[in-house]
Amino acid sequence: QRIKPYINFIANCRPLSVSMGNTIKFLKLKIAEVPPEMAEEEAKQQLLGHVEAFARERVLLADEAISKLTLSKIRDGDVLMTLGSSHIVKRTIIDAHEQGRSFRVIIVDSRPRHEGKELLRKLVKRGVRCSYVLLNACSYVMKEVSKVLLGAHAVFANGYVMSRVGSAMVAMLAKNANVPVLVCCETYKFSDRVQTDSFVFNELGDPDDLVCLDHDIR
Amino acid sequence: YTLCGHGVMMGPAATACASNEAMAAALEFFRRSVKETSDLAMALAAIRASIKYIEDTKATTMMELRDDLTALVGLLSQSVEFSIQVASGCDLFMRFVTRAAIDVPDFEACKKLLTTRGNKLVEEFRASRNKIAKLGQPFIRDGAVVLTHSLSRVVLCALRRAAADKKRFSVFVAESRQDGAGVEMAEQLRADGIAVTVVADSAIAYVMEAVDLVLVGAEGVVENGGIINKVGTFQMAIVAHTLKKPFYVLVESFKFIRYYPLNQYDLPSGSRTRRSSPAATPSSSVHSSTTNLAATATATATTTGGEHAPRAMPQLSLPVGLSAGAPLEAGGLRSGRCDAVLRESVNVPSVVTEASPTGDVAAQRKIVDVDMIAPLVDYTPPAYITLLFTDLGILTPSAVSDELIKLYY
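Residues numbered from 1 in each chain as written. Chains lettered and ligands numbered in written order. Predicted model: local features only at pLDDT ≥ 70, side-chain atom pairs only at ≥ 80, totals over all residues. Heavy atoms only, no water.

### A short note on the overall build of chain B
Tallying secondary structure elements over chain B gives 14 helices and 12 strands in all. Split into buried and exposed, the 409 residues of chain B put 51% on the buried side. Sequence-distant contacts in chain B: of pairs separated by 6 or more residues, those separated by 24 or more amount to 76%. As displayed, chain B has an accessible area near 18,300 Å², and 55% of this comes from carbon and sulfur atoms. (Helix = DSSP H or I, 4+ residues; strand = E, 2+ residues; numbered from the N terminus. Buried < 20%, exposed > 50% of the residue type's maximum accessible area, 1.4 Å probe, protein only. Contact = heavy atoms within 4.5 Å. Areas by Shrake-Rupley, 256 points an atom, 1.4 Å probe, with all protein chains shown as cover.)

Right under this line is the structure:
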């Protein structure tokens, strides 16, 4: 019960996501597994060890492993498309570029956050050939694309993927054009939930970011 | 996994290892096995060669043995055209080697265990062909018309068994250029008294209406349940799917590979396009065999009726060339997919010779400098496959990944 206020605090910073939920479940499980006769100091050390191992293996090493695996699918001459900015897709692209593969990237972006701009900046700095389009141009460029790389927020028990808004659209367009869609997702984001649409559980942003009606538009 | 991913890059290391006597002996053993026992699947020959190496090796630790075996597999893969089988079979064996190493720490005892169990593995795999043939029997009913592609020993085994059970059925075999392996399959079937007709590759859609089921073998089965097989299989699968005919694959479990192709041009290395050498015998044997079969086909009783025998195939000397097309740019607005096909090809000028339709050899036209691609294998996605008959049972394509996980873990 002691950790409840901390969890509430985290939930207040940012609504509890699937990955956050899984991590908290993991911690609670480890706490429950501590034998009652163990000394407090020792128990704390053990728990800290578990937490660090989780962070190291399930998050950091996982990213490395996924990047390596995805790299094997990137061929010379590929045209990769990605949506917004996913750290694992960014890592894969940079690793592939450093390995000397020759390919180019099309970044699809959307309002209001324009997260793709950040990815664009980072990739261009590394020397990757990039193009930048908004979501409405996605079908226009799709015929040049050879693979779509997406990140994920969560993967559900029925294989459905929850990701940044717009991913479903990109994936559908890709399917229509016979372009393979590869989703990169660490296993700590896997959820035993089943969701068949996007309404039932979601996070909302600030509507004013999209259309601000407060001041005079003229 | 590295064996199937990008192949094992073995250049300089291979030559160093080949100087190792035991390894050279194993390689020689492999070559001989493949040549002499045409009945033996290549993967089994590779495993046998690995076992022989284990028996002869002067290695003293497990790590050394494992590294040597990996190098040996690389050598074997390089010495054959289709190395997927070699890679997949040996991958399974290597898993087994690793597990044995953990279970039995004493090196000599481990070696002995590896050889005995390895031989048992080979025996199990050998028996798999018969198991599969048995599983397929209820699907070949009396009066059935079977369509098959190229030469598959497993399909041959199944059909022979059906014939031995006194079932009446007839077979169409696609000729499967460029090496005309389908003709050889037809000859083997005919030797067993099975009613068989060779079908031109382009006539597969033409005969499909009359067919009851399609049976093919496979070079490899990939993670999503799709198969890699002689080129033309995918075409056959699409036509069968459109005309609602069941498409069955007969394949042994040691051909399951841990690979997921994204499209036709994303196949494991060791399975790609290679040009057929013009000096090889196939062109002459195709000609002679087809004329024989064309003659006998008219006399063969088929239950389809109304099917006339295929005409004698025009003699086609092996087209050699594959084109490289324009220099590839990674950029530009051109689709990367066109490049993907051309990139895999090798630039060799080709000469295509064509006989006139009447088969008159004297009236040959010579077309020079026409580029041509002639891949050896293609990938059939799981959506077009009805069932896979394996020694692990009859599987739907979606069950393959489950079985793969069980096999490898």
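On we go.
### Here we look at the sheet that holds strand β6 (residues 227-230) of chain B
Residues and elements named next belong to chain B. An order of β5-β6-β10 is seen for the three strands of this open sheet, with the pairing classed as antiparallel. The open sheet has two edge strands, β5 (220-221) and β10 (377-380), and neither has a second partner. Strand direction decides the pairing type here: β6 and β10, joined by four bridges, are antiparallel. By the bridge assignment, I227 is partnered in β10 with T380. (Pairing = 2+ DSSP bridges.)

### Thoughts on the sheet that holds strand β7 (residues 181-184) of chain A
All names here are of chain A. Taken in spatial order, the five strands make up an open sheet running β3-β2-β1-β4-β7, and their pairing is parallel. The open sheet terminates on both sides in strands that have one partner only, identified here as β3 (129-134) and β7. For this sheet, the mean inter-axis angle between neighbouring strands, taken without regard to orientation, is 25°. Examined bridge by bridge, strand β2 (residues 103-109) and β3 share six bridges and lie parallel to one another. If you follow D109 over to β3, its bridge partner there is L134. Relative to the sheet, helix α5 (residues 115-126) contacts β1 (78-83), β2 and β3, its axis offset from that of β2 by approximately 160°. (Axes fitted to C-alpha atoms, helices over the stretch in contact; angles between N-to-C directions.)

### Details of the side chain of B:T390
With respect to the secondary-structure elements, B:T390 resides in strand β11 (residues 387-390). Leaving out residues up to four positions away in the same chain, B:T390 has contacts with B:I132, B:L135, B:V251, B:F256 and B:L395.

### Thoughts on the environment of B:G89
Residue and element names in this part refer to chain B. When you line up the elements, G89 lands in helix α6 (residues 84-103). Spatially, the C-alpha atom of G89 lies 31 Å from that of K245, the residues being 156 residues apart in sequence. Among all residues touching G89, those that are not within four sequence positions of it are A43, I47 and F254.

### Things to note about a nonpolar patch on the surface
Residues and elements named next belong to chain A. On the surface, a cluster of nonpolar side chains totalling about 280 Å² of accessible area is made up of F9, I10 and L16. For I10, the position within the fold is in helix α1 (residues 4-13). For I10, a relative accessible area of 39% gives the class partly exposed. (Patch = residues over 30% accessible without salt bridge, like charges linked within 9 Å, V, L, I, M, F, W, Y side chains within 5 Å. Salt bridge = Lys/Arg side-chain N within 4 Å of Asp/Glu carboxyl O.)

### Side note on the pattern of salt bridges
Applying the stated criterion across every chain yields a total of 21 salt bridges over all chains. The partner of A:E186 in a salt bridge is A:K189, with the nearest N and O atoms 3.2 Å apart. With respect to class, A:E186 is no different from A:K189; both count as buried. In this structure, B:R168 engages B:D142 in a salt bridge whose closest nitrogen and oxygen atoms are separated by 2.9 Å. One end of the pair, B:R168, is in the loop between α8 (153-164) and β2 (169-174); the other, B:D142, is in the loop between α7 (107-136) and β1 (144-149), with 26 residues separating them in the sequence. On the basis of relative accessibility, which here comes to 47%, the residue B:D142 falls in the partly exposed class. It is possible to trace a salt-bridge network through shared partners that takes in A:K73, A:R75 and B:D266.

### Some thoughts on the confidence of the model for chain B
Residues and elements named next belong to chain B. A residue-level look at chain B finds 69% of positions with pLDDT of 70 or above and a mean pLDDT of 73. Mean pLDDT values over the elements of chain B span from 33, in helix α12 (residues 282-299), up to 97, in strand β7 (residues 247-250). In the model, residues 274-338 has pLDDT below 50 throughout and makes 124 contacts with residues more than four positions away in sequence or in other chains. The model gives residues 345-364 a pLDDT under 50, and that stretch makes 49 contacts with residues more than four places away or in other chains. (pLDDT = per-residue confidence, 0-100.)

### Notes on a negative patch on the surface
Residue and element names in this part refer to chain A. A cluster of acidic side chains, namely D206, D208, D209 and D214, defines a negative patch on the protein surface. Looking at the element boundaries, D206 is found in the loop between β7 and α8 (207-210). With a relative accessible area of 43%, D206 lands in the partly exposed category. (Lys, Arg positive; Asp, Glu negative; His and termini not counted. Charge placed at Lys NZ, Arg CZ, Asp CG, Glu CD.)

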